[in-house]
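The chain contents come next:
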Amino acid sequence: MKPAVYLGNLKNPSNRGTCIRTGESFGVNLIMTNDLITNYKYSQGTSNHVIFLQLKTEKEVIDYCKKNHHKIVCIENIPEAIDIKDVNYPANPLFITGNENFGVSKLFLDNARIIVKIPQADTYCRCLNTAVACSIVMQDWFQKNKKKQIQTKQIPKGKK
Ligand SMILES: C[S@@+](CC[C@H](N)C(=O)[O-])C[C@H]1O[C@@H](n2cnc3c(N)ncnc32)[C@H](O)[C@@H]1O
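Within each chain, residue numbers correspond to sequence positions counted from 1 in written order. Given that this is a predicted model, residues contribute local features only at a pLDDT of at least 70 and side-chain atom pairs are listed and counted only at 80 or more, while totals for whole chains, interfaces and linings are drawn from all residues.

Labels follow the DSSP assignment, with helices taken as runs of H or I lasting at least four residues and strands as runs of E lasting at least two, numbered in each case from the N terminus. Across its full length, the protein holds four helices and seven strands. Listed by position from the N terminus, the elements making up the protein come as β-α-β-β-α-β-β-β-α-β-α. It is over C-alpha atoms that the radius of gyration is taken, and the globule rule equals 2.2 Å times the number of residues to the power 0.38. Its C-alpha atoms give the protein a radius of gyration of 15 Å, within 12% of the compact-globule value 15 Å for 160 residues. Seen through its C-alpha atoms, the protein measures out along the principal axes to roughly 50 × 35 × 30 Å. Nonlocal contacts in the protein, meaning residues at least 24 apart in sequence, comprise 68% of its contacts between residues at least 6 apart. Once C-beta atoms have been placed from the backbone, residue pairs whose C-beta atoms lie within 7 Å are recorded as contacts.

Once that is clear, we can look at helix α4 (residues 130–145). Helix span, expected: 1.5 Å multiplied by one less than the number of residues in the helix. The terminal C-alpha atoms of α4, which comprises 16 residues, lie 22 Å apart, in line with the 22 Å expected from a rise of 1.5 Å per residue. Residue burial is a threshold on neighbouring C-beta atoms within 10 Å of the residue's own C-beta, all placed from the backbone, with 20 or more meaning buried, 12 or fewer meaning exposed, and counts in between meaning partly exposed. When α4 is considered as a whole, its buried residues turn out to be Thr130, Ala131, Ala133, Cys134, Ser135, Val137, Met138 and Trp141. Buried-residue contacts for α4 involve β1 (4–6), α1 (13–25), β4 (71–75), β6 (93–97) and β7 (114–117).

Our next topic: the nonpolar core. Nonpolar side chains in soluble globular proteins tend to be buried together. In terms of nonpolar packing, the biggest core is built from 33 residues, with Val5, Cys74, Leu94, Phe95, Ile96 and Cys134 touching the most fellow members. Elements with a minimum of two residues in this core: β1, α1, β2 (30–33), α2 (58–68), β4, β6, β7 and α4. Excluding residues within four positions of it along the chain, cysteine 134 makes contact with Val5, Cys19, Ile75, Phe95 and Thr97. Note on definitions: a nonpolar core is a set of buried residues drawn from Ala, Val, Leu, Ile, Met, Phe, Trp, Tyr and Cys, linked by C-beta atoms within 7 Å.

A separate point is the pairing of β2. For β1 and β2, the ladder comprises three bridges, and the chain directions are parallel. Counted as the bridge partner of valine 5 is isoleucine 31 from β2. Handedness of the crossover joining β1 and β2 through α1: right-handed. Pairing between two strands requires that DSSP report at least two bridges joining them. Call a crossover right-handed when, viewed with both strands pointing away from you, the route from the first strand across the helix to the second goes clockwise.

Now for the sheet that holds β6. The strand order across the open sheet formed by seven strands is β3-β2-β1-β6-β4-β7-β5, and the pairing between neighbours is parallel. Two strands bound the open sheet, and with one partner strand each, they are β3 (51–54) and β5 (82–83). Two elements, β5 and β7, share two bridges in a ladder whose sense is parallel. Looking at the pairing, isoleucine 82 lines up with valine 116 of β7.

Not every positive phi belongs to a glycine, and glutamine 44 is a case in point at roughly 55 degrees. With respect to the secondary-structure elements, glutamine 44 resides in the loop between β2 and β3. Backbone geometry places asparagine 92, a non-glycine residue, at a positive phi of 55 degrees. Within the fold, asparagine 92 resides in the loop between β5 and β6.

If you trace the backbone, serine 47 turns up in the loop between β2 and β3. Separated by 38 residues in the primary sequence, serine 47 and lysine 85 place their C-alpha atoms 29 Å from one another. Each residue touching serine 47, except ones within four places of it in the same chain, is listed here: Ile20, Thr38, Asn39 and Tyr40.

This next bit is on the pairing of β7. Where β4 and β7 come together, three bridges link them in parallel fashion. Bridge assignment links valine 73 to a residue of β7, and that residue is isoleucine 114.

Before going further, it helps to examine the environment of asparagine 29. Residue position: asparagine 29 is located in the loop between α1 and β2. Through-space distance from the C-alpha of asparagine 29 to that of valine 5 is 8.5 Å; in sequence the pair is 24 residues apart. Sequence-distant contacts of asparagine 29, that is, excluding residues within four places in its chain, are made with Lys2, Val50 and Ile51.

By themselves, these figures tell us nothing about what the structure is for.
Here is the structure:
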């Protein structure tokens, strides 16, 4: 099973599209959402190469994960989170990044297998854009797990 991303927290379509695009590039093939929108301009066509699953509430997401052996990986800059450099990702992660205004819900944080934080410099900007944070974590997952991944893409001969 491949990793998945939950988009239901994100209000901004460009953030959603960015998460799909980056996720697909690192092997994510399942996008859980709270609505029926599956076509995102900012995904640069990658939304045609992933599976969308509509789960209307956070509880439905948690129940789906329990039944289908996905482990919730929350991305949040809170003291109890683990520094990204020390994270060992569980099998079948579902990445959940926070709403642009409100962050990740307490319900998701309480049901997370792991909470990941990305250390930042002590400067003016205290919080990353949510799609950027999600992308950094997905790249870290890919980097640490790429040897375990099954190559599914067929690259046509002659193309690099
Ligand atoms: C703009 S922030 C939301 C901040 C919100 N106002 C709050 O206080 O919870 C959007 C999301 O990006 C993610 N994020 C931003 N910076 C992060 C960091 N340094 N480490 C982990 N996640 C981060 C978190 O998921 C966060 O909820």
